Structure formats: structure tokens, C-alpha cells
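# Understanding the architecture of this molecule
These are the residues of each chain, in order.
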Amino acid sequence: MIGHLYTVVIDCPDPDELAGFYEKLLSLSRQANTGDFVVLENAAGVPVVVLQGVDDFRPPQWTDSARPQQMHLDVMVTDLDTAEAQVLTLGATLLEGSDKPIGYRVYEDPVGHPFCLITPEGA
């Protein structure tokens, strides 16, 4: 095992506004709100959904590859360097500008879907 699913991150124009929808839909509550990010947690206090504000948001269009879905996985690991070696062996690629030594790094899977390896310091 390299890590475990930590959260699903959803891009959106206004995280605070969209949080209300997911709070009701999934019976979640707000754990944190930084303005750019809203973290929603389950009843056990575990963060499960993060709403991430992005500039110039273009909503996805189902089945339209020109406007793909805009979500990624956060995978919790204990050591970024060790996990990085493992995911690179599996075929992942470290994305440019993602060489942060502490907290998180961003990769893409073999067909281009982004995902993050994160440590507790980055959560």
C-alpha cells in the first residue's frame, strides 16, 4: 500500500456557496474555510470533500472532452519521497512546479488525471 484516499477535491467558482449543497447532499459539516478552500467532514470528523476555488472556472460538460470533469484525489502518505518513487514506478508523472518537499505534490496518472500525494502537514 502506498497511501489511502484522503479527500475528493472539487474545483468550483465559489467554494463557500457550493459547500452548502454538499453539506446537505452528503450530511457533512464544515471543518475549515479559508476562502479559497472549504473542507467538509463526515460525522467522525474526517475530511472527505474539499471545494477548491479556481479563477475562470468553466463548468464540465458531461461526455464533452473539451470540458472535462474537474476533480482530483488526495492520497494521504507518510513519506512523500517514498510514495513518489512508488507512484512513478506505477506510471505517474510529477507535474511541473509540484516539487514541494513538505505537505503535498501533484502528479498525473498514466492517462493524465491529476492527483495529489499529501502528508499530514499538507492536509
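Here the structure is shown first, and the text comes after it.
When helices and strands are counted, the protein shows 2 helices and 8 strands. If you list the helices and strands of the protein from N to C, you get β-α-β-β-β-β-α-β-β-β. For the protein, the C-alpha radius of gyration of 15 Å lies close to 14 Å, the compact-globule estimate for 123 residues. The principal-axis extent of the C-alpha atoms belonging to the protein is close to 40 × 35 × 20 Å. Of the contacts made within the protein by residues no fewer than 6 positions apart, 44% connect residues no fewer than 24 positions apart. When the accessible surface of the protein is split by element, carbon and sulfur atoms take 55% of a total near 7,800 Å². Separation of charge centres in the protein, based on 6 positive and 19 negative side chains, amounts to 6 Å.

This next bit is on the pattern of salt bridges. Scanning all chains against the criterion turns up 4 salt bridges. The shortest N-O distance in the salt bridge between E23 and R30 comes to 3.0 Å. Look at the salt bridges and you will find they share partners, linking D16, E23 and R30 into a network.

As judged from the 4 bridges shared by strand 2 (residues 29-33) and strand 3 (residues 37-41), these two strands associate in the antiparallel manner. Each residue of the ladder has a partner; that of A32, found in strand 3, is V39. Hairpin connection, strand 2 to strand 3: the antiparallel pair is bridged by 3 residues, and G35 has positive phi, about 100°.

This part takes up unusual backbone geometry. Positive phi outside glycine occurs at S27, with the angle close to 55°. Here S27 lies in the loop between helix 1 (15-26) and strand 2. Notably, D56 is not glycine yet its phi reads approximately 55°, a positive angle. Residue position: D56 is located in the loop between strand 4 (47-53) and strand 5 (71-76). The exposure class assigned to D56 is exposed, which follows from its relative accessible area of 74%.

Strands belonging to one sheet form pairs held by backbone hydrogen bonds; the direction of such a pair is parallel or antiparallel. Across the sheet, 8 strands lie side by side as 2-3-4-1-5-8-7-6; this open sheet has mixed pairing. Strands at the two margins of the open sheet, each flanked by one partner only, are strand 2 and strand 6 (93-94). With 6 bridges connecting them, strand 1 (residues 4-12) and strand 5 associate as antiparallel partners. Following the sheet pairing, I10 is matched in strand 5 by M71. Across the sheet, helix 2 (residues 80-90) touches strand 6, strand 7 (104-108) and strand 8 (114-118), and the angle it forms with strand 7 is around 5°.

With that settled, the discussion passes to the environment of L40. Mapping L40 onto the fold places it in strand 3. Sequence separation between L40 and L51 is 11 residues; the distance between their C-alpha atoms is 8.1 Å. For L40, the contacting residues outside a window of four places in its chain are A19, Y22, E23, L28, S29, R30, V46, P47, V48, V49 and L51.

The rules behind these values
Residues numbered from 1 in each chain as written. Predicted model: local features only at pLDDT ≥ 70, side-chain atom pairs only at ≥ 80, totals over all residues. Heavy atoms only, no water. Helix = DSSP H or I, 4+ residues; strand = E, 2+ residues; numbered from the N terminus. Rg over C-alpha atoms; globule rule 2.2 N^0.38 Å. Contact = heavy atoms within 4.5 Å. Areas by Shrake-Rupley, 256 points an atom, 1.4 Å probe, with all protein chains shown as cover. Lys, Arg positive; Asp, Glu negative; His and termini not counted. Charge placed at Lys NZ, Arg CZ, Asp CG, Glu CD. Salt bridge = Lys/Arg side-chain N within 4 Å of Asp/Glu carboxyl O. Pairing = 2+ DSSP bridges. Buried < 20%, exposed > 50% of the residue type's maximum accessible area, 1.4 Å probe, protein only. Axes fitted to C-alpha atoms, helices over the stretch in contact; angles between N-to-C directions.

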